[in-house]
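Now for the letters of each chain:
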Amino acid sequence: KNGYAYVADSYSGLQIIDVSNPKDIKLTGTCYTSGWAYDVYVEGRYAYLADYRSGLQIIDIQNPKQPELIGTCRTDGTAYGIWVSGQYAYLADGVNGLKIIDVSNPNSPRLVGTYDTKNKAYDVQVVGKYAYVADGQGSGLQIIDVSNPAAPKLVSSCTTPCIASKIYVADGYV
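Note that the structure is predicted; figures quoted are calculated from it, not measured. (Residues numbered from 1 in each chain as written. Predicted model: local features only at pLDDT ≥ 70, side-chain atom pairs only at ≥ 80, totals over all residues. Heavy atoms only, no water.)

Caption draft 1: Structural view of the pattern of salt bridges. For the coordinates displayed, the defined rule picks out five salt bridges. The residue Asp76 makes a salt bridge to Lys99 at a minimum N-O spacing of 3.0 Å. Here Asp76, found in the loop between β7 (68-73) and β8 (81-85), pairs with Lys99, found in strand β10 (residues 98-102); they are 23 residues apart in sequence, far enough to count as distant. You can call Asp76 exposed: its relative accessible area is 56%. Since its relative accessible area comes to 5%, Lys99 is described here as buried. A salt bridge links Asp102 to Arg110; the shortest N-O distance between them is 3.5 Å. Given the relative accessible area of 7%, Asp102 is considered buried. With relative accessibility at 49%, the residue Arg110 sits in the partly exposed group. (Salt bridge = Lys/Arg side-chain N within 4 Å of Asp/Glu carboxyl O. Helix = DSSP H or I, 4+ residues; strand = E, 2+ residues; numbered from the N terminus. Buried < 20%, exposed > 50% of the residue type's maximum accessible area, 1.4 Å probe, protein only.)

Caption draft 2: Inspection of the sheet that holds strand β5 (residues 46-50) at higher detail. Taken in spatial order, the four strands make up an open sheet running β4-β5-β6-β7, and their pairing is antiparallel. Each having just a single partner strand, β4 (39-43) and β7 make up the two edges of the open sheet. Between one strand axis and the next, the sheet turns through 25° on average, direction left out of account. Bridge analysis of β4 against β5 gives five bridges, and the strand direction is antiparallel. Pairing of Val40 across the sheet is with Leu49, part of β5. (Pairing = 2+ DSSP bridges. Axes fitted to C-alpha atoms, helices over the stretch in contact; angles between N-to-C directions.)

Caption draft 3: Highlighting the pairing of strand β1 (residues 4-8). Bridge count for β1 against strand β2 (residues 14-18) is five bridges, and the pairing is antiparallel. Looking at the pairing, Tyr6 lines up with Ile16 of β2. Here β1 folds back onto β2, and the loop between the two strands holds five residues, one of which, Ser10, carries a positive phi near 50°.

Caption draft 4: Looking closely at the sheet that holds β1. The three strands lie next to each other as β1-β2-β3, forming an open sheet whose pairing is antiparallel. At either end of the open sheet lies a strand with only one pairing partner, and these are β1 and β3 (26-31). Averaged over neighbouring strand pairs, the angle between their axes works out to 25° when direction is ignored.

Caption draft 5: Quick peek at the side chain of Thr117. Along the chain, Thr117 turns up in the loop between β11 (110-115) and β12 (123-127). Every residue in contact with Thr117, bar those within four places of it in the chain, is listed here: Gly97, Leu98, Val133, Asp135, Gln142 and Ile144. (Contact = heavy atoms within 4.5 Å.)

Caption draft 6: The arrangement of the nonpolar core in detail. Of all hydrophobic cores here, the largest spans 15 residues; its most connected members are Tyr48, Leu56 and Ile82. For this core, the elements supplying multiple residues, two or more each, are β5, β6 (56-60), β7, β8 and β9 (88-92). The biggest single contributor to this core is β5, with three residues. Ala92, Tyr115, Val124 and Ile144 belong to the second-largest nonpolar core, a separate cluster that totals 13 residues. (Core = buried A, V, L, I, M, F, W, Y, C linked by side-chain atoms within 4.5 Å.)

Caption draft 7: The arrangement of the side chain of Gln15 in detail. Mapped onto the fold, Gln15 is located in strand β2. For Gln15, the side chain forms a polar contact with the side chain of Thr30, separated by 2.8 Å. When neighbours within four sequence positions are excluded, Gln15 is seen to be in contact with Ala5, Tyr6, Val7, Asp9, Leu27, Gly29 and Thr30. (Polar contact = N/O pair within 3.5 Å; in protein donor to acceptor, adjacent residues only side chain to side chain.)

Caption draft 8: The environment of Gly94, seen in detail. The residue Gly94 is located in the loop between β9 and β10 in this model. Setting aside its immediate chain neighbours within four residues, Gly94 contacts Thr78, Tyr80, Asn119, Lys120 and Ala121.

Right under this line is the structure:
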C-alpha cells in the first residue's frame with residue numbers, strides 16, 4: 001500500500017518497510033505489541049494485527065515512521081488470522097474459534113460475536129455474509145454466516161485430510 005509492505009513480525013510486532021524501490025528496500029517504522037504478531041490486515045490508515053495471546057491490536061499507520069498502537073481487544077484464545085470487512089474485524093482465535101469485533105471506533109474495539117469452531121481456527125476470509133475459516137486438523141473448512149455479527153452460525157463444513165491453516169476464496173472457490 002502506497003509503497004509500503006506491512007509485516008506481522010512475531011514478537012517484534014508490526015514492521016513497516018518502504019518497498020517503493022524494490023532494489024533498495026528500507027525498514028521505515030516499528031510498532032511493538034504485547035503478543036506475537038501472526039497476521040496483518042491493512043485498511044485505510046489502520047493496520048489490524050492478529051497478535052496471538054493479545055488478541056486484536058489496532059495500529060495507526062498514517063505516519064509510517066511512527067506507527068502508534070491505538071486499540072486493543074483481548075480475546076481468550078490465540079489469534080492467528082485476521083480479516084476486516086466494513087466495521088468488523090474477524091479474528092481466527094485458535095481453539096476459541098471465530099471472534100467478531102466491532103472496530104467502528106478503532107480506539108475502543110469491542111467483541112460483539114463468537115462462533116466456537118470444531119477445532120482450531122487458524123485463518124479467516126470474509127466474502128459477503130460468510131466467513132470462511134481454516135479450522136485445523138480434522139475439521140478443515142468451516143463456512144459461517146456472519147450477517148448477524150452477534151449471532152454467527154455454521155452454514156456448512158468440509159473436512160480436509162490434514163491441517164487446514166490458511167484460506168483464500170476467489171470466484172466461488174476455496
